Amino acid sequence: MSTPSSPIHPGQGLPILAHGPSILGALDRADVLVLSGETGSGKSTQLPQLLLARHPDAVMAISQPRRVAATAVAARVAAERGEPLGGVVGYAVRFDERCSPATQVRYATDGLMLREAVGDPTLSRYTHVLLDEVHERALATDVLVAVVKRAAILRRQLPEPTGGEGAAGAPPNPGPLKVVLMSATADVELLVRYFSTAPPPAGRDAPTADAAASPSPSAVASEALGVASPVVKKKKKRPRPGSPLPVAAPPPGSGLAVARHHVRGRQYPVTVLYAADPVADYLDAAVTAALQVHVDQPVPGDILVFLTGADEIDAAVELLRARAGRLLERSDARSLLPLPLYASLPPAAQARALLPLPPGKGGRRSAHGCRLCGGTEVVAPDGGGRQTMGDLVHDGAVRASRSGGGAAADADTTTCSECGGRVTAASAAAFAAAAATVSAGSSRGSSAVRKVIFSTNVAETSVTISGVRYVIDAGVAKSRTTTPSGADILRVAPISRAAAAQRAGRAGRQAAGVAYRLYSEAAWARMAPRPVAELASADLAPTVLSLLAMRVCGPRNDPTAFDYLQPPKTAAVTAALERLVGLGAVAVTAGSLAVTPMGTAMARLPVRPAHARALLESVALDVTAPLLSAVALLAADGAVWAAGAAARAAADASRRAFAHPTGDHLTLAAVLDAYAAAAGEGGEGAGPFCKRHALNARTLAAATSVRAQLAGLLDTISREPHWVGVAAAGGVLPGGAPAVAAMDPAERVRRCLAAGYVGAAASWRGGAVRAYVLLGGAKPMAAAVHPSSVLSAAALARGGGGTPAGGGASGAAAARRPADDDGRGRRPRTVVFDELVITSKAYLRSVTAVESGWLVEHGGDYYRSVQA
Ligand SMILES: Nc1ncnc2c1ncn2[C@@H]1O[C@H](COP(=O)(O)OP(=O)(O)OP(=O)(O)O)[C@@H](O)[C@H]1O
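Residues numbered from 1 in each chain as written. Predicted model: local features only at pLDDT ≥ 70, side-chain atom pairs only at ≥ 80, totals over all residues. Heavy atoms only, no water.

Colleague: Describe the overall build of the chain, with residues and values.
Modeller: Along the backbone of the chain there are 29 helices and 27 strands. Put simply, of all contacts in the chain between residues at least 6 apart along the chain, 75% involve residues at least 24 apart. Accessible surface computed for the chain: about 32800 Å², of which carbon and sulfur atoms make up 56%. (Helix = DSSP H or I, 4+ residues; strand = E, 2+ residues; numbered from the N terminus. Contact = heavy atoms within 4.5 Å. Areas by Shrake-Rupley, 256 points an atom, 1.4 Å probe, with all protein chains shown as cover.)

Below, the structure is given as structure tokens:
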């Protein structure tokens, strides 16, 4: 952990500071404050500090839609206060937490807060909850808004806090919950109306202690799942074990007192420029625009470019490097530093994009010879300078310490900003020597280096990237929707005008800036004013599972009766319920709807339901290792193979070398297992291994950490008594243990996938169709296997998979080829897939062959019900 230094003063004149007394006064009088204000006016960083100054005992959660924002803003606020991160100010995001018992200001992702609310629906540990960037209408944000409203209403009904234990050993009443909703571009009227309106009658006497013990069936579920509508029988109330606050439900007519406040003024002006005509290729146009800004505009002034995803960003970084080398004067090319920024990058690599280049001697570029990935790096100060990359955002075990400062325990380590891995003293010394040589030959100092940060929309809100003066906005983002059967669809779509305003706002946070929009003003006018609520289009299965587990859906446990900010379509809730039943997460017993032990375990794993279910099945089939590797790589959500035209041939050859005949999941497992072997003792080293196999070191490093955390969680769950009960009851294992012993490991893995990927399966249709047709949708939908898959038509034509380069747990040699439908033992008849990518065509990505019989075994009722 970094030693606290002097506070960073956030600069004079942040607009919110002048509004402090009226904002705090309004919140004293009301339950809820809707706070709007220009981007950069100081909402995310200053309001928690103002609140803490007024209420020194406050404990607050500040939710962010994205982990990058949660970690970066927490780091900034800790630094402003001159305190270590993880003390009074901390953060908690999926797979990473920096908090302690002293933490009073906790930045967290909204997804993580929702999981917290499953165990504590009244959010009893907080005095204040601040929901940031509510305009984004992310699925988790919208649901969290509703959960927080309910918690605030419930806590207002409680008797005054007494300061000690509650009655009959109940936990102490934490007092009222104060709520702040913040955004520059939110629909203020919608929020004010929602919070001041009482919940619908269905939610009135909802969360009594015994509602959970004896959940009544949902009318919706009953109808959808074909069970008779039951008679709701009232049971005597008794406390639910482990419920932190066994409170009564909100009484009728109990809306909240809502205040609103607008912070006028922004810190610095931003000039917005539009493209005269639509651009044909936004990636190409973005790289050209970055080069143009670099040539035309003086340094300092970094450039932030918004693109859509990791693959595209890695390709843009390569393209800028290549073009700069070709088109610019040597010194100009050397002073341009392209950097990626996306969610799955390791924290150290994110810090490199987010933090300023080190002052003084810093900012020279060099091949630093990272032992792990061989990447290049900006040289940190090599003497005197205390601040190093990574200190602010993630400075624990992997803190860079070549500056000579820091704790003794870390004194001989440094962090590679390319892959996030640790570099030992010897290689750090070699790095410093190489850096010195290169910098001696360079005529440009640090101030002459210009960062070009290619980012997804992780940098769109809350985040301040120090040094950015220019924003280049492609005007598009990846949006995730769902097929009727609940499979994920990924497509690139235009952003909203609110998102464009947020992006432009990133240019004016430390000085006046310019936003270059790669679309015309007419195209901007055609954009939706605000993002469409994700709740209206996303797969609702994870949300419905959380709501049922929280028992917040009224006395009839009906997820359509939940008091949503804007209700989703009933059909979408029904579809989610059907899939949860198919997954074994929700059961309809004697006409009643309840979360099963399997569902409870699934809700605890911070991955998609399909992955959670497959992982839990792998415990029963005794094949967790390859499943964990495959799921970790998919959850890490980055490009596995090196990107860019230059690397394409090597990446294709590597994919072929690792290819498993059954598909992508065991191929991914083989990659991560081989990486782990190479990185371990006696191995060739992760860096050389990644180079040799054209693999993306950053993604593999991230997946390794995700895997370790998932393995820990899975191990904990599988030792718990209720889980042993599930396994003993044969809940996850038709056929029983002896049958398992006879199966080869690859078959077991594929059976786990069949159990988890309910609703994400397709079967080959020949004849005129000649495509895979998705199973489970009302309307048949055809798709091809994505060219990146080892089961793509091109890969099969070449002869399909070979022997995995790394061997490992997947047992490729023993694997039998799955049932095929091209008559030559190649194209599998039935597959499961991770997502449907829609470009000019529909593609299935991350595909594995399964037997149709397994689908019937695990999701038979589901497929029958949706096809009925
Ligand atoms: N990491 C940082 N480095 C430098 N300056 C920063 C940093 N974080 C915040 N600031 C300064 O503090 C100002 C306020 O930031 P803050 O995130 O609190 O604003 P906001 O109103 O929440 O913005 P948004 O609506 O865009 O999230 C920024 O405009 C910037 O001047």
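From this point, the discussion proceeds with the structure in view.
Colleague: Outline the site of the ligand, listing residues and values.
Modeller: Taken together, 17 residues lie around the ligand, and Lys43, Ser44, Thr45, Arg506 and Arg509 are the ones closest in. Take Ser41: an N or O atom from its main chain is 3.1 Å from an oxygen atom of the ligand. At a separation of 3.3 Å, a nitrogen atom of the ligand approaches a polar side-chain atom of Thr464. Here the ligand has 640 Å² of accessible area as a free molecule, and 92% of this is covered by the chains. (Near = heavy atom within 4 Å. Polar contact = N/O pair within 3.5 Å; in protein donor to acceptor, adjacent residues only side chain to side chain.)

Colleague: Please provide a residue-by-residue account of the sheet that holds strand β16 (residues 450-455), values included.
Modeller: Spatial ordering of the open sheet is given by β9-β20-β17-β10-β16-β11, a layout of 6 strands whose pairing is parallel. Here the strands that pair on one side only, and so sit at the sheet edges, are β9 (270-274) and β11 (336-341). Strand-to-strand twist of the sheet, defined as the mean angle between neighbouring strand axes without regard to direction, takes the value 20°. Of the strand pairs in this sheet, β11 and β16 are connected by 6 bridges, and their pairing is parallel. Counted as the bridge partner of Leu341 is Ser455 from β16. Against the sheet, helix α10 (residues 310-327) engages β11 and β16, with an angle of about 175° to β11. In this fold helix α12 (residues 347-354) packs onto β11 and β16, with an angle of close to 130° to the strand it touches most, β11. (Pairing = 2+ DSSP bridges. Axes fitted to C-alpha atoms, helices over the stretch in contact; angles between N-to-C directions.)

Colleague: Let's hear about the pairing of strand β27 (residues 842-850): which residues, and what values?
Modeller: Looking down a regular strand, the side chains alternate between one sheet face and the other. The buried count for β27 comes to 9 of 9 residues, which makes it a mostly enclosed element. Strand direction decides the pairing type here: strand β25 (residues 782-785) and β27, joined by 2 bridges, are parallel. Pairing of Ala784 across the sheet is with Tyr843, part of β27. Turn length for the strand β26 (residues 830-838)-β27 hairpin, with the two strands adjacent in sequence and antiparallel, is 3 residues. (Buried < 20%, exposed > 50% of the residue type's maximum accessible area, 1.4 Å probe, protein only.)

Colleague: Can you break down the pattern of salt bridges residue by residue, with the values?
Modeller: If you walk through the whole model with that rule in mind, you get 26 salt bridges. A salt bridge links Glu80 to Arg76; its shortest N-O distance comes to 2.9 Å. One end of the pair is Glu80 and the other is Arg76, both in helix α3 (residues 67-81) and 4 residues apart, which spans about a single turn. Across the pair Glu83 and Arg81 runs a salt bridge whose closest N-O atoms are separated by 3.1 Å. Within this structure, Glu97, Arg106, Glu116 and Arg125 form a network of salt bridges that share partners. (Salt bridge = Lys/Arg side-chain N within 4 Å of Asp/Glu carboxyl O.)

Colleague: Residues and numbers for the packing of helix α1 (residues 15-29) against helix α2 (residues 43-54), please.
Modeller: α2 packs onto α1 with a crossing angle of 60° between their chain directions and a minimal axis gap of 10 Å. Accordingly, the angle class assigned to the pair α1 and α2 is oblique. Note on packing geometry: the crossing formed by α1 with α2 is right-handed. Counted together, Ile16, Leu17, Gly20, Ile23, Leu24, Gly25, Leu27 and Asp28 of α1 and Lys43, Gln46, Leu47, Leu50, Leu51 and Arg54 of α2 form the full contact between these two elements. (Parallel < 35°, antiparallel > 145°, perpendicular 65-115°, else oblique. Left-handed = near helix turned anticlockwise from the far one by under 90°.)

Colleague: Residue-level account of the confidence of the model for the chain, with values.
Modeller: The predicted coordinates should not be examined in detail at positions where pLDDT is low. Overall, the predicted model of the chain reaches an average pLDDT of 76, with 72% of residues at or above 70. Scored below 50 in pLDDT, residues 360-447 makes 193 contacts in the model with residues more than four places away or belonging to other chains. (pLDDT = per-residue confidence, 0-100.)

Colleague: Describe the sheet that holds strand β7 (residues 178-183), naming the residues involved and giving the relevant values.
Modeller: If you trace the 8 strands from one edge of the open sheet to the other, you get β4-β3-β5-β2-β6-β7-β1-β8, paired in mixed fashion. Lying at the two open borders of the sheet, with one neighbouring strand each, are β4 (96-98) and β8 (258-263). The mean inter-strand angle of the sheet, taken between neighbouring strand axes irrespective of direction, is 20°. Pairing of strand β6 (residues 128-132) with β7 involves 5 bridges; the strand directions are parallel. Directly across from Val129, in β7, lies its bridge partner Val179. Against the sheet, helix α5 (residues 139-157) contacts β2 (60-64), β6 and β7, and its axis sits at roughly 160° relative to β6.

Colleague: Can you explain unusual backbone geometry? Please cite residues and give values.
Modeller: In this structure, the amide linkage connecting Val299 to the following residue, Pro300, adopts the cis form with an omega of 0°. Tracing the backbone through its elements, the reader meets Pro300 in the loop between α9 (282-296) and β10 (302-306). For Glu133, which is not glycine, the phi torsion reads 55° and is therefore positive. Along the polypeptide, Glu133 turns up in the loop between β6 and α5. The phi dihedral of Arg137 falls on the positive side, at around 60°, and the residue is not glycine. Mapped onto the secondary structure, Arg137 falls in the loop between β6 and α5. Residue Arg137 is classed as buried on the basis of its relative accessible area, which comes to 11%.

Colleague: Could you give me a rundown of the nonpolar core, with the residues and numbers involved?
Modeller: Counting residues in each nonpolar core, the largest one holds 140 residues, and the members touching the most others are Leu131, Leu181, Leu695, Leu710, Phe833, Leu836 and Leu844. At 11 residues, α5 tops the list of elements feeding residues into this core. Formed by 33 residues, the second largest nonpolar core is a distinct cluster that contains Leu33, Ala58, Tyr107 and Leu130. (Core = buried A, V, L, I, M, F, W, Y, C linked by side-chain atoms within 4.5 Å.)

Colleague: I'd like to hear about the packing of aromatic side chains, residue by residue, with values.
Modeller: Summed over all chains, the structure comprises 6 aromatic pairs. Ring geometry for Phe562 against Tyr564: centres 4.9 Å apart, planes inclined by 85°, an arrangement best described as edge-to-face. Of the two residues, Phe562 and Tyr564, neither departs from the other in class, the shared state being buried. In this structure an aromatic cluster arises from ring pairing among Phe658, Tyr675 and Phe689. Sitting over the ring of Trp524, Arg497 keeps its end group 5.3 Å from the ring centre. Arg655 extends its terminal NZ or CZ atom over the ring of Trp641, reaching a point 4.7 Å from the ring centre. (Phe/Tyr/Trp six-rings, centres within 6.5 Å; stacked < 30°, edge-to-face > 60°. Lys NZ or Arg CZ within 6 Å of the ring centre and 35° of its normal.)

Colleague: Could you give me a rundown of the packing of helix α22 (residues 664-679) against helix α24 (residues 697-719), with the residues and numbers involved?
Modeller: Put simply, α22 and α24 touch, their axes get as near as 11 Å, and they point 90° apart. The orientation of α22 with respect to α24, classified from their angle, is roughly perpendicular. Residue-level contacts link Val671, Leu672 and Tyr675 of α22 to Ala697, Leu700, Ala701, Ala703, Thr704 and Arg707 of α24.

Colleague: Outline helix α18 (residues 597-604), supporting the account with residue identities and numerical values.
Modeller: Within the sequence span of α18, burial applies to Met598, Gly599, Ala601 and Met602. Buried residues of α18 fall within an arc of 160° about the axis and therefore sit on the same side. (Arc of directions from axis to C-beta.)

Colleague: Outline the environment of Val192, supporting the account with residue identities and numerical values.
Modeller: Looking at the element boundaries, Val192 is found in helix α6 (residues 188-196). Spatially, the C-alpha atoms of Val192 and Pro101 are 34 Å apart, while their sequence positions differ by 91 residues. Sequence-distant contacts of Val192, defined by excluding residues within four places in its chain, comprise Val34, Val258 and Arg260.

Colleague: Requested: an account of the pairing of β7, with residues and values cited.
Modeller: Of all 6 residues in β7, 6 are buried; the element is thus mostly enclosed. Strand direction decides the pairing type here: strand β1 (residues 32-37) and β7, joined by 5 bridges, are parallel. In the strand pairing of β7, Ser36 is matched with Ser183.

Colleague: Hey, could you go over the side chain of Thr667 for me, with residue numbers and the actual values?
Modeller: Along the polypeptide, Thr667 turns up in helix α22. In this structure the side chain of Thr667 is engaged in a polar contact, spanning 2.9 Å, whose partner is the backbone nitrogen of His660. For Thr667, the contacting residues outside a window of four places in its chain are Trp641, Phe658, Ala659, His660 and Val790.

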